[in-house]
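Summary of the model geometry
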Amino acid sequence: MTAVSEMARGLAAPSIQPAWDRHILRARNPPHVAFDHHEYDREPCTMAPFFNRGDQIVERAFLFDPPAVSALRDLVAPHVPHCSTFDLIVATMWRARALSLNLDPALNVRVTFPVNARDKFNPPIIPTGYYGNVVTTPAAMATVAELQADSVVRAVELVKKAKNQVSGDYMRSMMDLMAVRGRPPLAMGTTLFITDMRRVGVQELDYGWGRAAYGGPAKGNERGIPGFLSFLQPVRNRNGGECGILVPMSLPEPAMDLLARELDAMMGRAAVDRAWKMSTATLFRWARK
C-alpha cells in the first residue's frame with residue numbers, strides 16, 4: 001500500500017523494492033507439525049441454537065479509553081505482569097462474549113488473532129521488501145466455565161501465552177499443517193477473531209490528497225457470521241488526539257445486551273478495585289505525614 005501511494009504521488013519507483021521470494025515460506029519435506037494449532041481444529045458449528053436465522057443482528061462499538069484500560073491493568077497486573085493493552089482488551093472481549101452466548105459451560109471457546117511473524121525467524125529469512133503475508137493466527141482456548149470462574153485474569157494469561165508462542169519453529173509447524181491438511185479453514189464455530197488495526201498504518205498513507213481521515217473496517221461482521229470478527233481500531237477526538245480504542249461487535253440482539261452487561265460488570269469491578277487502591281494509597285500518604 002505504501003508503494004502504491006508513493007507512485008500515486010509521482011515517484012518513479014517505490015522507496016522499498018518489492019521482493020517475491022514465495023519459496024521462503026514453503027513447507028518442509030517431510031512436513032512435521034510440532035505445535036497444537038487449535039485455530040484449525042476440526043469441529044462443527046456449535047453456536048446453535050443461539051444464532052437463529054430469525055435473530056435481529058445488531059452492531060455496537062465499545063470504547064476502551066485510557067481510564068478503562070488503566071483500571072483493567074490494575075486488576076490484572078498483580079497476577080499477570082507485563083501484559084499489553086492488546087492482551088487486556090482481547091481477553092476482556094473474549095470472556096464477555098463467551099459469557100453472553102449462554103453456551104454449555106463445558107464447551108471450548110477460542111479467540112484468535114493475526115500475529116506478524118516477520119521478525120520471528122532466527123536467523124532472519126524475510127527480505128525487507130517481501131510483500132506477501134508473514135502472518136499466523138494462534139488461538140487461545142478455554143472452556144466457558146474456566147473463563148467465568150476467574151474474572152479476566154485467566155483469559156489474559158491464555159491470550160498472552162498464545163501470542164508469545166509464535167516463533168520461527170511455530171511458523172514452520174503451521175506451514176507444514178497447511179501442506180498436510182490442504183489449507184484447512186479456521187475453526188469458526190466458537191471462535192472470536194480479532195484483528196489489531198492500530199499499527200497497520202492505513203491512516204498514514206497519502207495517495208495525493210493528504211492523510212486519511214479514517215482507515216479501517218466499517219463493522220464487526222464477516223461472511224454473514226455474527227460475532228465471529230472484531231477489530232481494535234484507534235479513534236481520535238475532534239482535535240486529532242487519540243481518545244481510545246474502539247472495538248466493534250456484531251451479535252444477535254439478546255446476546256449484545258448480555259455482552260454489554262458483562263462488560264459493564266467487568267469494568268465496574270476494575271474501576272472499583274482501582275478506586276480502592278487509589279484511596280488506600282492516599283490514606284497511606286496521609287498517615288506518613
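Think of each chain on its own: its residues are numbered from 1, step by step along the sequence as written. Local features in this predicted model are restricted to residues whose pLDDT is 70 or higher, and side-chain atom pairs enter the listing and the counts only when it is 80 or higher, whereas totals over whole chains, interfaces and linings include all residues. Hydrogens are left out, water is left out, and the side-chain values use all remaining heavy atoms of the structure.

Focus: helix 6 (residues 168-181)
Think of an α-helix as 3.6 residues a turn; residues three or four steps apart then line up on the same face. Stated precisely, the cut-off is as follows: Numbered from the N terminus, helices here are DSSP runs of H or I no shorter than four residues, and strands are runs of E no shorter than two. Here the expected span of a helix is defined as 1.5 Å times the quantity of residues minus one. For every residue, the accessible area (1.4 Å probe, protein chains only) is compared with the maximum for its type, and the residue is labelled buried under 20%, exposed over 50%, or partly exposed between those bounds. Only heavy atoms enter the contact rule, under which two residues are in contact if any of them lie within 4.5 Å.
Between the first and last C-alpha of helix 6 there are 20 Å, a value that for 14 residues agrees with the 20 Å anticipated at 1.5 Å per step. Among the residues of helix 6, Gly-168, Tyr-170, Met-171, Ser-173, Met-174, Met-175, Asp-176, Leu-177 and Met-178 are the ones counted as buried. Lining the buried residues of helix 6 we find strand 4 (135-136). Looking one or two places after helix 6, you find Gly-182, whose phi comes out positive at around 70°.

Some thoughts on a nonpolar patch on the surface
As a reminder of what qualifies: Patches in this entry comprise residues that are over 30% relatively accessible and not in a salt bridge; like charges within 9 Å are linked, as are nonpolar side chains (Val, Leu, Ile, Met, Phe, Trp, Tyr) within 5 Å. Exposure was quantified through the Shrake-Rupley algorithm and a 1.4 Å probe, taking into account, for residues, occlusion by the shown protein chains and nothing else. By definition here, a salt bridge exists when the distance from a side-chain nitrogen of Lys or Arg to a carboxyl oxygen of Asp or Glu is within 4 Å.
On the surface, Met-1, Val-4, Met-7, Val-200, Tyr-207 and Trp-209 cluster together into a nonpolar patch covering about 690 Å² of accessible area. Positionally, Met-7 belongs in helix 1 (residues 2-8).

Some words on the packing of helix 3 (residues 85-100) against helix 5 (residues 153-164)
The cut-off we apply is this: What counts as an axis is a line fitted to C-alpha atoms, over the stretch in contact for a helix, and the angles between N-to-C directions run from 0 to 180 degrees. Angle categories: roughly parallel below 35 degrees, roughly antiparallel above 145, roughly perpendicular from 65 to 115, and oblique for all the rest. The hand of a helix crossing depends on one turn: near helix anticlockwise from the far one by less than a right angle means left-handed, and clockwise means right-handed.
Taken N-terminus to C-terminus, the directions of helix 3 and helix 5 make an angle of 120°; their axes are 8 Å apart at the nearest point. One element, helix 3, and the other, helix 5, form an angle in the oblique class. Two packed elements cross with a definite hand, and for helix 3 against helix 5 that hand is right-handed. Residues Phe-86, Asp-87, Leu-88, Val-90, Ala-91, Trp-94 and Arg-95 of helix 3 form the contact with helix 5, whose own contacting residues are Ala-155, Val-156, Leu-158, Val-159, Lys-160 and Lys-163.

Remarks on the packing of aromatic side chains
Which entries qualify depends on this criterion: Between 30 and 60 degrees the pair is tilted, below 30 it is stacked and above 60 it is edge-to-face, where a pair is any two Phe, Tyr or Trp rings, Trp via its six-membered ring, whose centres lie within 6.5 Å. Working rule: Lys NZ or Arg CZ, within 6 Å of ring centre, within 35 degrees of ring normal, means a charge sits over the ring.
In the structure shown here, the tally under the stated rule is four aromatic pairs. With a centroid separation of 6.0 Å and an interplanar angle of 35°, the aromatic rings of Phe-193 and Phe-228 are classed as tilted. Placement of Phe-193 in strand 6 (residues 191-196) and of Phe-228 in the loop between strand 8 (225-226) and strand 9 (229-236) is noted, with a sequence separation of 35 residues between them. We classify Phe-193 as buried; its relative accessible area is 11%. The ring centre of Trp-20 lies 4.1 Å from the NZ or CZ of Arg-22, which sits over that ring. One residue, Arg-22, lies across the ring of Tyr-131, its end atom 5.6 Å from the ring centre.

Digging into the nonpolar core
Inclusion rule: Think of a nonpolar core as a cluster: buried Ala, Val, Leu, Ile, Met, Phe, Trp, Tyr and Cys residues, connected wherever their side-chain atoms sit within 4.5 Å.
Phe-62, Phe-64, Met-93, Trp-94, Val-159 and Leu-259 are the most contacted members of the largest nonpolar core, which totals 66 residues. A per-element tally of this core places helix 3 first, with ten residues. Sequence-distant contacts of Trp-94, defined by excluding residues within four places in its chain, comprise Val-109, Arg-110, Val-111, Ala-140, Met-141, Ala-142, Leu-147, Ala-155, Leu-158, Val-159 and Leu-192.

Digging into helix 3
Compared with the 22 Å implied by 1.5 Å per residue over 16 residues, the 22 Å span of helix 3 between its first and last C-alpha is a close match. Across the 16 residues of helix 3, 15 count as buried, placing the element largely inside the fold. Phi for Asn-102, located one or two positions after helix 3, is positive at around 55°.

Notes on the side chain of Asp-87
To keep it simple, the criterion reads: Polar contact is defined as a pair of N or O atoms within 3.5 Å, subject to the rule that within protein one atom must be able to donate a hydrogen and the other to accept it, and that residues adjacent in sequence are counted only when both atoms are side-chain atoms.
Mapped onto the fold, Asp-87 is located in helix 3. On the basis of relative accessibility, which here comes to 2%, the residue Asp-87 falls in the buried class. Reaching out from Asp-87, the side chain makes a polar contact with the backbone nitrogen of Ser-84 at a distance of 3.0 Å. Only 2.8 Å separates the side chain of Asp-87 from the side chain of Lys-163, close enough to count as a polar contact. If near-sequence neighbours (up to four positions away) are discounted, Asp-87 is found in contact with Val-156, Val-159, Lys-160 and Lys-163.

Here we look at the pairing of strand 2 (residues 108-112)
Condition: A pair of strands is treated as paired once DSSP finds two or more bridges between them.
The element strand 2 is largely enclosed, with a buried count of four among its five residues. Where strand 2 meets strand 5 (residues 139-143), five bridges bridge the pair, whose relative direction is antiparallel. Across the sheet, Thr-112 pairs through a bridge with Ala-139, a residue of strand 5. Of the strand pairs in this sheet, strand 2 and strand 6 are connected by three bridges, and their pairing is parallel. Opposite Val-111, over in strand 6, you have Leu-192 as the bridge partner.

Remarks on the pattern of salt bridges
With the rule as written, the count across this model stands at eight salt bridges. Asp-87 is the salt-bridge partner of Lys-163, the closest N and O atoms lying 2.8 Å from each other. Residue Lys-163 is located in helix 5, and its partner Asp-87 is located in helix 3; the two are separated by 76 residues in the primary sequence. The exposure class assigned to Lys-163 is partly exposed, which follows from its relative accessible area of 21%. The partner of Asp-196 in a salt bridge is Arg-199, and the shortest N-O contact between them spans 3.9 Å.

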